Amino acid sequence: MTPSLRYRVFIHASALLVSVVILAPFAWMVLASVSTPGDLIARPYHWWPQDATLSRYSAIVHGSGTDVASAFRQSIVNSTIVAGATVVISTVVGVLGGYAFAMLRFRFRRVTLLVFLVTYMLPPIALLIPLYLMLSALGLINTKLGLIVVYCAYVTPFVLWILANYFLTLPAELEEAARVDGCSRLGALWRVMLPIARPGLFATIMFAFLLAWDEFLYALIFTSTGAAKTIPVAIADFSGRYDTDFGLVASGGLIASVPPVLLAIAFQRYVVGGLAGGAVKG
Amino acid sequence: MADLAQDLVTTHGVSPPGSAPPPTQRKWTRRPGWTATLMLLPAAVVVFGVVVYPMLRTLLISFFEVNSAVATSTPFVGLRNYADILADRAFWSSVGRTLYFTVVSTGLELTFGMAIALLLNAPLRLRWLFRAIVVLPWALPTVVNGAMWRGVLNAQYGSLNALLTQLHVLPDYHSWLGTPFSALNMLVIADVWKTTPLVAFFLLSGLQSIAPDIYESARVDGAGPVRSFWSLTLPLLLPSVSIVLILRTIDAFKVFDLVYVLTGGGPANGTQTIAFFTYAQAFSNQRFGFGSALADVIVACILVLSAIYLRALRRGEMSVL
């Protein structure tokens, strides 16, 4: 039975409405990032910039010295290093742990898994104070290394939980067969399980990257200068201090959004599967 | 490497992952836990060193009065920090605001999320494009979302004011973030815009697990689309809905980024949620002992909610637990 015309018009009109509501503020941010400050504060407002300017983007890319734009570029570099290192470490560690939880039976398995899961649910605010005192004592405040250490602890339980559930859906006979053929545990993991787990693995890496790229509270408290400030902290700084040039906040925010948005669109069909695996993090 | 997996499929007659139904009964390898210990050790080191010890330390600090990161005298005060919390009106106000924020935003997110999930599941042309658009707010960094809405709602140049005055809905620019209650509602709007897609995708995965045949038989029995939504879809989605409810409640205890960027907790501390209140007490007022006690109260609430969540999850599909 083909749906009636009325029904089809209705769903397409609704989808259009939803798209407009989603895209409107975002589109305005894009326009604002290329509008001159004069256009931005004009009343009545000029929706379409009269003379579009890419000056803010070029200032962020080429800027030197101590101006806002170059501080921003520094924070992009910091975020890339911190998120990259966090993803690599937590994925390696999480693959091993997730595999152990899915394929092996051992004492205290359930308890250990529960402890990992609970740490994943703890809010950063709960650990903020002692971590701040600890990092101060170790001289790791305002360093990228300090952030990487904290982020690994924040992201690993998540990776472990998703991958453990994912490995569980793979046929166990495959692993057993590899072992019969003489593979060690690690060999079976590396040569048999990981290749077939590739889609889940990529999706998990994407989620892990989003978590690290997006994290704000730890970065806000543990960093104070360009040496370690990440993009979210830099944007929050601008947004508070440079209220008059929203265009700079907008262009910085858009640059910061490019990696996660591209990843999410590329992996959108995993978003559903990943969420069903319990991967919901606000 | 993938060839080996392929080999196994052919030589051992093992079914490839896509075609096999997920195994419900798994043969466990009974072995001493050495391999497991070695494989879990890296994760345990990475996580527990940075979580368990600080967690215990938070508990410890909450029994002391610590008023500086480098304090030399930190008197033991027993449960006084906890007593202070219960007597603190600002604390109870932040609880009330967090409750309001959670109930209103979760209600709206579930309503809109359900509608969008149904749309995502409907036979739309350009469905891939619609999905890509819906993913956008979810992928946007939280801080960018906050900064964007701060611009949209700005009293001097915000696009919402520009739009509403040009449409003659408003006579003049309005200060959306100017009063505590209005600012709190703006936090809700910004959160709903960003989080509804997540809820929609979650409900969509629930929708897709409903077998189409039951709609067929409902139609045969004469039920229209509205009727079958209320008496079939909604009851069948109830497990997904309850998981969304629990997870969003857990999230509510964490709402911080958005508040920090959009309102800074103001005006007049009127948008301080529990997490923001804790942050402000510990780091702006340097009351680390009091802040730790607050953090412990939050953790206690989250542990209870997590237990409920795990039960809901276990009742659902297969999981490693």
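My aim in this report is to walk through the structure given alongside it, one point at a time.

What counts, and where the lines are drawn
Counting from 1, residues in each chain are numbered in the order their sequence is written. For naming, the first written chain is A and the first written ligand is 1, with later ones following in the order written. Local features are withheld for residues below a pLDDT of 70 in this predicted model, meaning they are given only at 70 or higher, and side-chain atom pairs are given and counted only at 80 or more; totals for whole chains, interfaces and linings count all residues. Secondary structure follows DSSP: runs of H or I at least 4 residues long count as helices, runs of E at least 2 residues long count as strands, and numbering of each begins at the N terminus. Residue burial is a threshold on neighbouring C-beta atoms within 10 Å of the residue's own C-beta, all placed from the backbone, with 20 or more meaning buried, 12 or fewer meaning exposed, and counts in between meaning partly exposed. C-beta atoms are placed from the backbone for every residue, and two residues are taken to be in contact when these atoms lie within 7 Å. In this classification, Asp, Glu, Lys and Arg are treated as charged, Ala, Val, Leu, Ile, Met, Phe, Trp, Tyr, Cys and Pro as nonpolar, and every other residue, Gly included, as polar. Working rule for helices: expected span equals 1.5 Å times residues minus one. Here a nonpolar core is just a set of buried residues of the types Ala, Val, Leu, Ile, Met, Phe, Trp, Tyr and Cys, joined wherever their C-beta atoms sit within 7 Å. Inter-axis angles, ranging from 0 to 180 degrees, are taken between N-to-C directions of lines fitted to C-alpha atoms, where helices are fitted over the stretch in contact. Crossings are sorted by hand: turned counterclockwise from the far helix by less than a right angle, the near helix makes the crossing left-handed, and turned clockwise it makes it right-handed. Here the bend at each residue means the angle between axes fitted to two seven-residue stretches, the one ending at that residue and the one beginning there.

1. A word on the overall build of chain B
Now for step 1: Across its full length, chain B carries 13 helices and one strand.
Now for step 2: For chain B, buried positions account for 41% of its 321 residues.
Now for step 3: Within chain B, residue pairs in contact and separated by at least 24 positions form 68% of the contacts whose partners lie at least 6 positions apart.

2. Topic: the overall build of chain A
Now for step 1: Of regular secondary structure, chain A possesses 14 helices and one strand.
Now for step 2: Its C-alpha atoms give chain A principal-axis dimensions of roughly 75 × 70 × 30 Å.
Now for step 3: Residues classed as buried in chain A amount to 54% of the 282 residues present.
Now for step 4: Taking the intrachain contacts of chain A between residues at least 6 apart in sequence as the baseline, contacts between residues at least 24 apart amount to 73%.

3. What about the interface of chain B and chain A?
Now for step 1: In this complex, chain B contributes 98 residues to the contact, which on the side of chain A involves 100 residues.
Now for step 2: Sort the elements by how many residues they give to the side of chain B that touches chain A and helix 2 (residues 34–61) of chain B lands first, with 15 residues.
Now for step 3: Of the residues assigned to the side of chain B that touches chain A, the class counts are 71 nonpolar, 18 polar and nine charged.

4. Considering helix 5 (residues 127–139) of chain B
Now for step 1: With 13 residues, helix 5 of chain B should cover 18 Å at 1.5 Å per step; its first-to-last C-alpha distance of 18 Å lies within 8% of that length.
Now for step 2: Within helix 5 of chain B the residues assigned to the buried category are Phe130(B), Arg131(B), Val134(B), Val135(B), Pro137(B), Trp138(B) and Ala139(B).

5. Topic: the environment of Val304(B)
All names here are of chain B.
Now for step 1: Relative to the elements of secondary structure, Val304 occurs in helix 13 (residues 288–315).
Now for step 2: In this structure Val304 comes out as exposed when scored by C-beta crowding, with 11 C-beta atoms within 10 Å.
Now for step 3: Spatially, the C-alpha atom of Val304 lies 32 Å from that of Leu38, the residues being 266 residues apart in sequence.

6. Side note on the nonpolar core
Now for step 1: Membership of the largest hydrophobic core comes to 182 residues, with the highest contact counts inside it found for Tyr99(A), Val150(A), Phe167(A), Ile235(A) and Leu187(B).
Now for step 2: Counting residues per element, this core draws most heavily on helix 7 (residues 144–168) of chain A, which supplies 18 residues.
Now for step 3: Residues contacting Tyr99(A), with those up to four places away along its chain left out, are Phe167(A), Leu189(A), Met193(A) and Met39(B).

7. Describing the environment of Gln268(A)
Now for step 1: Relative to the helices and strands, Gln268(A) resides in helix 14 (residues 268–276).
Now for step 2: For the pair Gln268(A) and Ala203(A), spaced 65 residues apart in sequence, the C-alpha separation works out to 9.1 Å.
Now for step 3: Look past the residues within four positions of Gln268(A) in its chain and what remains in contact with it is Arg131(B), Ala132(B) and Val135(B).

8. Some points on the packing of helix 1 (residues 5–33) of chain A against helix 13 (residues 246–266) of chain A
All names here are of chain A.
Now for step 1: At a minimum axis separation of 8 Å, helix 1 and helix 13 run at an interaxial angle of 115 degrees. As helix 1 runs across helix 13, the sense of the crossing is left-handed. Every residue of helix 13 that contacts helix 1 at Met29, Val30, Ala32 and Ser33 is listed here: Phe246, Gly247, Ala250, Ser251, Gly253 and Leu254.
Now for step 2: Across the contact of helix 1 with helix 13, the residue classes tally to six nonpolar, four polar and no charged.

9. Remarks on unusual backbone geometry
Residue and element names in this part refer to chain B.
Now for step 1: A positive phi angle is found at His168, which is not glycine, with a value near 60 degrees.
Now for step 2: As for its position among the elements, His168 is in the loop between helix 7 (159–166) and helix 8 (180–208).
Now for step 3: Assessed through the 7 C-beta atoms surrounding it within 10 Å, His168 is described here as exposed.
Now for step 4: A positive phi angle is found at Ala268, which is not glycine, with a value near 55 degrees.
Now for step 5: Residue position: Ala268 is located in the loop between helix 11 (257–262) and helix 12 (274–284).

10. Description of helix 1 of chain A
Given 3.6 residues to a turn, an α-helix orients residues that are three or four positions apart in the same direction.
All names here are of chain A.
Now for step 1: Spanning 29 residues, helix 1 covers 41 Å between terminal C-alpha atoms, matching the ideal 42 Å at 1.5 Å per step.
Now for step 2: Maximum bend of helix 1: about 35 degrees, positioned at Leu23, with proline Pro25 one to four residues after it.
Now for step 3: All of the buried residues along helix 1 are Ala15, Val18, Ile22, Pro25, Phe26, Trp28, Met29, Ala32 and Ser33.

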